[in-house]
Amino acid sequence: MNALARLGTTRVALAALTGVTALYFALIVFGNVTDYGTNEQFVVHVLAMDTTFRDPDVMWRAITSPAVVTTAYVLIIAWEAATALVLITAFVAWLRAGGEETARRLSVLGWVMAVLLFGGGFIAIGGEWFQMWQSSKWNGVEAAFRNVVVAAIGLIIALGGRARDQSPPRP
């Protein structure tokens, strides 16, 4: 029962979710660096809007400049790497005794970074601005949504758990 009391806590749940999310982002970065061309093609086609309905009213948004595409892709990888580092640092902080506040803040920061990338970058900009939702081959909206949900769950637990953990004990 003592082990259950220690393992069944908000701290352990947050540590586990932080660790899984950190691993996921580290693997994303590893994949993007070691197989650069595959996901580069995703960025190329989304920005070029070449597999959308090609509506003339929105095609002016398309970007086909190789320099801009490369810059966008490198910035995405850099953001993913920074997110991975923040979450790895948060996970290590969760494992250390007494570092709960630092761990919580770093986890929140990492999950906010994930929401900004996947919600702001992929769903809003890629999905709507570049009409990615129209593409049957290069549509990453559903995958991006899954990532936003995982990050949002982490944020809810981290921010909701903090309020609950700080409330006075009941008599």
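Residues numbered from 1 in each chain as written. Predicted model: local features only at pLDDT ≥ 70, side-chain atom pairs only at ≥ 80, totals over all residues. Heavy atoms only, no water.

Focus: the overall build of the chain
Broken down by element type, the chain carries 6 helices and 0 strands. In terms of its C-alpha atoms, the chain occupies a principal-axis envelope of roughly 65 × 35 × 25 Å. Every one of the 171 residues in the chain was classed for burial, and the buried ones make up 37%. A distance of 15 Å separates the average location of the 12 positive side-chain charges in the chain from that of its 11 negative side-chain charges. (Helix = DSSP H or I, 4+ residues; strand = E, 2+ residues; numbered from the N terminus. Buried < 20%, exposed > 50% of the residue type's maximum accessible area, 1.4 Å probe, protein only. Lys, Arg positive; Asp, Glu negative; His and termini not counted. Charge placed at Lys NZ, Arg CZ, Asp CG, Glu CD.)

Examining helix α4 (residues 66-95)
With 30 residues, α4 should cover 44 Å at 1.5 Å per step; its first-to-last C-alpha distance of 43 Å lies within 8% of that length. Within the span of α4, buried status applies to V69, Y73, I76, I77, E80, T83, A84, V86, L87, A90, A93 and W94. Next to the buried residues of α4 lie α2 (10-34), α3 (36-48) and α5 (100-129). (Expected span 1.5 Å × (residues − 1). Contact = heavy atoms within 4.5 Å.)

Comments concerning the environment of M59
Here M59 lies in the loop between α3 and α4. Relative accessible area serves as the criterion here: at 18%, M59 is assigned to the buried category. Separated by 74 residues in sequence, M59 and W133 have C-alpha atoms that sit 14 Å apart. Residues within four places of M59 in sequence aside, it is in contact with A48, M49, T52 and R54.

A word on the nonpolar core
F25, F42, V43, W111, F118 and F122 are the most contacted members of the largest nonpolar core, which totals 35 residues. Sorting the residues of this core by element identifies α2, α3, α4, α5 and α6 (141-166) as the ones contributing at least two each. By residue number, the principal contributor to this core is α4, which donates 8 residues. Setting aside its immediate chain neighbours within four residues, F42 contacts F122, M132, W138 and G140. (Core = buried A, V, L, I, M, F, W, Y, C linked by side-chain atoms within 4.5 Å.)

Examining the packing of α2 against α5
For the pair α2 and α5, interaxial distance at closest approach is 11 Å and the crossing angle is 45°. Overall, the two elements α2 and α5 adopt an arrangement that is oblique. Of the two elements, α2 crosses α5, and the hand of that crossing is left-handed. In contact with R11, L14, L17, T18, T21, F25 and I28 of α2, α5 contributes E100, R104, S107, W111, A114, L117 and F118. Considering only residue class, the contact of α2 with α5 consists of 8 nonpolar, 3 polar and 3 charged. (Axes fitted to C-alpha atoms, helices over the stretch in contact; angles between N-to-C directions. Parallel < 35°, antiparallel > 145°, perpendicular 65-115°, else oblique. Left-handed = near helix turned anticlockwise from the far one by under 90°. Nonpolar A, V, L, I, M, F, W, Y, C, P; charged D, E, K, R; others polar.)

Re the packing of aromatic side chains
Evaluated as defined, the whole model comprises 8 aromatic pairs. Lying across the ring of W129, R61 places its NZ or CZ 4.3 Å from the centre. (Phe/Tyr/Trp six-rings, centres within 6.5 Å; stacked < 30°, edge-to-face > 60°. Lys NZ or Arg CZ within 6 Å of the ring centre and 35° of its normal.)

Brief notes about a nonpolar patch on the surface
Together, W60, I125 and W129 give the surface a local cluster of nonpolar side chains, amounting to about 370 Å² of exposed area. Within the fold, W60 resides in the loop between α3 and α4. (Patch = residues over 30% accessible without salt bridge, like charges linked within 9 Å, V, L, I, M, F, W, Y side chains within 5 Å. Areas by Shrake-Rupley, 256 points an atom, 1.4 Å probe, with all protein chains shown as cover. Salt bridge = Lys/Arg side-chain N within 4 Å of Asp/Glu carboxyl O.)

Quick look at α3
Because each turn of an α-helix spans 3.6 residues, side chains separated by three or four positions in sequence point in the same direction. Compared with the 18 Å implied by 1.5 Å per residue over 13 residues, the 18 Å span of α3 between its first and last C-alpha is a close match. Among the residues of α3, those classed as buried are F42, V43, H45, V46, L47 and A48. Buried residues along α3 sit in contact with α4 and α5. At the exit of α3 stands M49, carrying a positive phi of roughly 55°.

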